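# A look at the structure
As a plain string of letters, each chain reads:
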Amino acid sequence: MCLGIPMQVVEVGGVFAWCEGRGRRERLNILWLGETSPGDLVYVVLGQAREKLTVQRAAEINLALDGLAAALQGETNLDAYFPDLTTHQ
Amino acid sequence: MPNFDTGCVRVRLTCADDLVSAVQVGSERPDVALALRGHTADQALQLVPLLFALCGEAQARAGILALAAARGEECVPRLDPSVQCEVLREHLWHWLLDLPPLLGEKALQHEFVTAAGWIEEGRRDELHALLASPRIAALRLRLQQADESPSPQPRLLPPFDARSSLAEWPRLTAGFCRLPDWCGNAAETGAIARQQQRIENSTLLLSARWLARFDELLDWATDDEQVGAGGAVSATPVAPGIGRSLVETARGLLMHEVVLDGERITDYMIVAPTEWNFHPQGMLANHLLGQEARNRDALQQRVRHAVAALDPCVRWELEWV
């Protein structure tokens, strides 16, 4: 159950990049991501940037994580966290 | 945007007389099923791959098959190519990027990028040539030389498909999701459990876990993979409106069980491999208990090797009690 978080590349230096997201700032290896630039969004698991994300995909994952965080705090109506999904009902 | 704790395996060691006298292992992670309850089946199918983007293929397949089973549709055991590809990529990641630094060597980053492409493109011969190369042979040798003590009597989870699992676990409960057991005891899952028929010794070195992953890569590269290997999927109805799926992921057995009331999910259980492999009475605790503790740095390194061999899907932390 490998939960990860989306982060944004803010500075690239060789095969490493400083990335920020969800209150964190981490230096991550990006070699296997191919050409990477500041502003790119990446999916981070266990301190490793595993793949690039589109803006839409990163937003969807962040919303899902927000919804999960709300559920863990006892919130039962999660529709607000999944607006695209509720319209598909 | 608030921080989000994706979970942690916590290892607490107590030492007395220069030996590890007590080991506490616990897996702390968010209960994802909470976010799935109350949604419709279709919503859950969109949410699961978002929450588990890394092992998204395995999780998505497990969700789809469990929901189909809740509607009465059985899935006989088979290898799912997408899940299998994800499993092989994870094995490759561990062997080429994680293992070399653990042995004091540089990660094989360029080899990983190239070989991951071969797996996606189905180029088995190229991967076989890499696995048979002197560089990988040297890595295998270093791995076996670095191994220290055998794990005491490992208890490997036998192979299950969704239907055969019903006899062992008629229903999955929240307690079972946190602390899964087989016949009342902890058991290890993963490539090594999937390949237990090939294993001759009753005791196993830590390196056996790495070698089992390697063998799954080699099986694919030589076109010799079997149903039941990483990437195997199955599903079965448990009762009207209740379905269960089993998926063999890179880290081991993943189980989903969904309860539907009409189209809405009233309960959702997920049993992940990390809960099997980092069970409080599991292999890690048994392996560390009684280890020499005079040199804490050396002990910490041994813990690191043991955790890496079991491969948690969350970060891990070591605490001295």
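Residues numbered from 1 in each chain as written. Chains lettered and ligands numbered in written order. Predicted model: local features only at pLDDT ≥ 70, side-chain atom pairs only at ≥ 80, totals over all residues. Heavy atoms only, no water.

## With respect to the overall build of chain B
What chain B contains, in helices and strands, is 14 helices and 8 strands. Compactness check: chain B gives a C-alpha radius of gyration of 20 Å against a globular reference of 20 Å for 321 residues, within 12% of the reference. C-alpha atoms of chain B, sized along the principal axes, occupy 60 × 50 × 45 Å. Each of the 321 residues in chain B was classed as buried or not, and the buried ones make up 55%. (Helix = DSSP H or I, 4+ residues; strand = E, 2+ residues; numbered from the N terminus. Rg over C-alpha atoms; globule rule 2.2 N^0.38 Å. Buried < 20%, exposed > 50% of the residue type's maximum accessible area, 1.4 Å probe, protein only.)

## So, the layout of surface pockets
What the largest pocket holds in volume is close to 810 Å³. Around the largest pocket, the lining is made up of 35 residues, and of these A:Val45, A:Leu46, A:Gly47, A:Gln48 and B:Asp98 lie nearest the centre. Elements supplying a minimum of two residues to the lining of the largest pocket: strand E3 (24-29), strand E4 (41-45) and strand E5 (48-53) of chain A together with helix H4 (81-102), helix H14 (296-310) and strand E8 (315-320) of chain B. Taken together, the residues of the lining of the largest pocket sort by class into 19 nonpolar, 8 polar and 8 charged. One number sums up the size of the second largest pocket: a volume of about 540 Å³. When residues of the lining of the second largest pocket are traced back to their parent elements, those giving at least two are strand E3 (75-79), helix H10 (191-194), helix H11 (207-221), strand E4 (232-239) and strand E5 (242-248) of chain B. Of the residues contributing to the lining of the second largest pocket, the split by class is 13 nonpolar, 9 polar and 7 charged. (1 Å grid on protein atoms, 1.4 Å probe; cavity = no way out; pocket = protein on both sides within 12 Å on 5 of 7 lines; lining within 4 Å. Points joined across faces, edges and corners; volume = space filled by probe spheres on them. Nonpolar A, V, L, I, M, F, W, Y, C, P; charged D, E, K, R; others polar.)

## Description of the interface of chain A and chain B
Taken together, the contacts link 36 residues of chain A with 41 residues of chain B. Summing both partners gives a buried area of about 3600 Å² for chain A against chain B, and 67% of it is carried by carbon and sulfur. Put simply, chain A and chain B have 1 salt bridge between them. With a shortest N-O distance of 2.3 Å, A:Arg50 and B:Glu90 are connected by a salt bridge. Across the contact surface, chain A and chain B share 2 residue pairs in polar contact (both at pLDDT 80 or more). Ranked by the residues each element gives to the side of chain A that touches chain B, the list is headed by helix H1 (residues 55-72) of chain A, at 11 residues. Of the residues assigned to the side of chain A that touches chain B, the class counts are 20 nonpolar, 8 polar and 8 charged. (Contact = heavy atoms within 4.5 Å. Buried area = accessible area lost by both parts, 1.4 Å probe. Salt bridge = Lys/Arg side-chain N within 4 Å of Asp/Glu carboxyl O. Polar contact = N/O pair within 3.5 Å; in protein donor to acceptor, adjacent residues only side chain to side chain.)

## As for the sheet that holds E4(B)
Within a sheet, each strand pairs with its neighbour through backbone hydrogen bonds, oriented either parallel or antiparallel. Residue and element names in this part refer to chain B. If you walk across this open sheet you meet the 5 strands as E3-E4-E5-E6-E7, and the pairing is antiparallel. Looking at which strands have only one partner, the edges of the open sheet turn out to be E3 and strand E7 (264-271). Pairs of neighbouring strands in the sheet enclose a mean axial angle of 15°, with direction left out of account. The pairing of E5 with strand E6 (residues 253-261) spans 7 bridges and is classified as antiparallel. Bridge pairing in E6 places Ser 245 opposite His 256. Set on the sheet, H4 makes contact with E3, E4 and E5; between it and E5 the angle comes to about 45°. (Pairing = 2+ DSSP bridges. Axes fitted to C-alpha atoms, helices over the stretch in contact; angles between N-to-C directions.)

## So, the domain arrangement of chain A
Residues and elements named next belong to chain A. On domain assignment, one finds that chain A holds domain 1 (1-53) and domain 2 (55-89). Of the residues lining the interface, 8 residues belong to domain 1; the matching set on domain 2 comes to 8 residues. In terms of surface lost to domain 2, no three residues of domain 1 exceed Pro 6, Arg 22 and Leu 53, which account for 64% of the buried area on that side. Counting across the interface, domain 1 meets domain 2 through 1 salt bridge. A salt bridge links Asp 66 to Arg 22; the nearest nitrogen and oxygen atoms lie 2.6 Å apart. Between domain 1 and domain 2 we count 2 residue pairs in polar contact (both at pLDDT 80 or more) in total. (Domains from an automatic or database assignment.)

## As for the packing of helix H2 (residues 41-51) of chain B against helix H3 (residues 56-70) of chain B
All names here are of chain B. Running from N to C, H2 and H3 cross one another at 165°; their axes reach a closest spacing of 8 Å. Taken together, H2 and H3 sit at an angle that is classed as roughly antiparallel. Here H2 and H3 pass one another in a crossing that is right-handed. Here Ala 41, Leu 45, Val 48 and Pro 49 of H2 come into contact with H3, specifically with Gly 56, Gln 59, Ala 60, Gly 63, Ile 64 and Leu 67. Of the residues in the contact of H2 with H3, the class split is 7 nonpolar, 3 polar and no charged. (Parallel < 35°, antiparallel > 145°, perpendicular 65-115°, else oblique. Left-handed = near helix turned anticlockwise from the far one by under 90°.)

## Some points on the environment of B:Gln197
Topologically, B:Gln197 is positioned in the loop between H10 and H11. For the pair B:Gln197 and B:Pro2, spaced 195 residues apart in the sequence, the C-alpha separation amounts to 47 Å.

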